[in-house]
Amino acid sequence: MKFDNIIIGGGLSGLTCGIKLAEQGKKCAIVSSGQSAIHFFSGSFDLLGKLNGQEVKNPLEAIKTLPDAHPYQRVGIKNIARLAVEAPQLLDRAGLQFSGKSDQNHFVLTPMGIMKPTWLTIDDFTRFEQNDVFPWKKAVILNFSGFLDFHTLFVQDGLKKYDVDVQIKNFAMKEFEAIRRNPSEMRSTNIAKVFDQGEDVLNEFAQKVNQLSEGFEVVILPAVFGLFTKNVVTDLKSMINKPLVLIPAIPPSVPGIRSQILLRKRFEELGGTYFLGDIVEEGTFKNNRLVAVQTNNHGNIKLEADQFVLASGSFYSKGIVATRDKLYEPILGLDIDGDIDSEKWLDEKFFNDQPYMHYGVKTDSGFRALKNGKPIENLFAAGSVLGGANALKEGSGAGISLLTSLHVAEQILK
Ligand SMILES: Cc1cc2nc3c(=O)[nH]c(=O)nc-3n(C[C@H](O)[C@H](O)[C@H](O)COP(=O)(O)OP(=O)(O)OC[C@H]3O[C@@H](n4cnc5c(N)ncnc54)[C@H](O)[C@@H]3O)c2cc1C
């Protein structure tokens, strides 16, 4: 089977790279073994939230001071500024409305009830312009009886710092009785499916919310609405007669799964082929080029392409693997940007910047992956498989994934 481009990995970077290539008419395939970090999505994409332990106000300015090896520096500051405008537009074409500015972080309320700086927030959630003010003084947190994945006490406790008087109320509805009988069924996706069944449940729910929130200025609910379409969220907001603040629940994330579904749909509508549940096992190299990959489901049928993109994620998705004494890229045996000596992987102080978090696939300046010290001409790496940043510590995860994937797509389209 022959394609123009094959992308290994169908998370945020693989999908956005694929969409950009398919929008330009490329015949593109994505092979993805399964779940990605989007399933754990908080509702916001970070560009740069922290630098040297300090909160960043203007990510575009702060990016200029990052080390040369950082993926943003390698993409180039001007390119980052341009692609940071393009990224939300691409998401919008997929039906995902995000808002935010790359030169000014805003804040979102976390499940711990504290304000966190971020770049783009999906419109299910509320954006705050200041991190020291919650605009309402009397709030009610409503939760579904038996739903253990929303930690209301943390939110209540966190909001005390902003001088908010918060009450927690649990409520039951007959429509949730079937899933409530088994605590492992009472998960955010199953609650969302009940609301997806029709308007009656949502109407009844909204009435209940309006009754329970009498005397309060704002309603806080877990983000369990709109698994397949965001209409449920929009409808709910219009039915509730108070401002509504949604807070992410424990994963699986409902807005995350919706985002994954909509990105995949957009890719397929553009003519892309998405091989879900297939694992790329190895590659065939010839004259410093990757000519084909072999996958679990396709057996002897090789998948060939002119260019390949490795977007297989970091440790969490097994894009990079560490055993007791070995650090490696498991699919194509690519070079790793990281310490060989396993003694150097960890800092003994847990909260310090952990060296291993900076490790990833080594590339040249054009994001071509290196194998045995040489760049593979037609193999690019994008997203969290790249080294050079501690995305968790600096709050840059989705920014790196989105912007390196769009940059790599541009290299291919040149
Ligand atoms: C749990 C978690 C939650 C996060 N939440 C946020 C957040 O809310 N906001 C934020 O800004 N950042 C967040 N991040 C940072 C995150 O790294 C990025 O946001 C981004 O989603 C990563 O995308 P990716 O495509 O590079 O990698 P991934 O999302 O990890 O996707 C890699 C994909 O490659 C597939 N794959 C791996 N090996 C193979 C193979 N051999 N064959 C085929 N497919 C393969 C995997 O199955 C997976 O689908 C989170 C990270 C993690 C780990």
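Owing to the predicted nature of the structure, the values given are computational and were not obtained by experimental measurement.

### A few points about the nonpolar core
Among the nonpolar cores identified, the biggest contains 129 residues, and Phe45, Phe134, Phe144, Phe195, Phe205, Leu221 and Phe225 are the most heavily contacted of them. In terms of residue count, the dominant contributor to this core is helix 12 (residues 397-413) (8 residues). Filtering out sequence-adjacent residues up to four positions away, Phe225 remains in contact with Asp124, Phe144, Phe195, Phe205, Val232, Val233, Leu236, Leu246, Val254 and Arg258.

### Description of the site of the ligand
In the vicinity of the ligand, 32 residues are found, and the nearest of them are Ser13, Ser33, Ser42, Ser317 and Ser384. Here an oxygen atom of the ligand and a side-chain polar atom of Ser13 are 2.6 Å apart. Taking Ala398, its main chain carries an N or O atom lying 3.2 Å from an oxygen atom of the ligand. In the complex, the protein chains occlude 85% of the 1000 Å² of accessible area that the ligand would expose alone. Put simply, the parts of the chain that give the shell around the ligand at least two residues each are helix 1 (12-23), strand 2 (28-32), strand 3 (44-45) and helix 12.

### Here we look at the sheet that holds strand 11 (residues 165-171)
Two strands in a sheet stick together by hydrogen bonds in their backbones, pointing the same way (parallel) or opposite ways (antiparallel). Read from one edge to the other, the open sheet built from 4 strands follows the order 11-10-12-13, with strand pairing classed as parallel. Across the chains shown, the open sheet's two edge strands, defined by having one partner strand only, are strand 11 and strand 13 (244-247). Strand-to-strand, the axes of this sheet are offset by a mean angle of 25°, without reference to chain direction. As judged from the 7 bridges shared by strand 10 (residues 138-144) and strand 11, these two strands associate in the parallel manner. Along strand 11, the bridge assignment pairs Lys138 with Asp165. This element, helix 5 (residues 152-160), spans strand 10, strand 11, strand 12 (218-222) and strand 13 of the sheet and lies at about 165° to strand 11.

The rules behind these values
- Every chain begins its residue count from 1, and numbering advances along the sequence as written.
- Given that this is a predicted model, residues contribute local features only at a pLDDT of at least 70 and side-chain atom pairs are listed and counted only at 80 or more, while totals for whole chains, interfaces and linings are drawn from all residues.
- In computing side-chain values, all of the structure's heavy atoms are included and hydrogens and water are not.
- What we call a nonpolar core is a set of buried Ala, Val, Leu, Ile, Met, Phe, Trp, Tyr and Cys residues that are connected through their side-chain atoms within 4.5 Å.
- Exposure classes here rest on a 1.4 Å probe applied to the protein chains alone. A residue is buried below 20% of its type maximum, exposed above 50%, and partly exposed in between.
- Strands here are runs of E lasting at least two residues and helices are runs of H or I lasting at least four, both read from the DSSP assignment and numbered beginning at the N terminus.
- Here, residues are in contact when the closest pair of their heavy atoms is within 4.5 Å.
- Being near a molecule or strand, for a residue, means having at least one of its heavy atoms within 4 Å of it.
- For this analysis, a polar contact is any N or O atom pair within 3.5 Å, provided that within protein one partner can donate a hydrogen and the other can accept it, and provided that sequence-adjacent residues contribute only side-chain to side-chain pairs.
- Accessible surface area values rest on a Shrake-Rupley calculation with a 1.4 Å probe, where residue burial reflects the displayed protein chains alone.
- By the convention used here, strands pair only if DSSP detects at least 2 bridges between them.
- Angles shown run from 0 to 180 degrees and are taken between the N-to-C directions of axes, each axis being a line fitted to C-alpha atoms and, for helices, limited to the stretch in contact.

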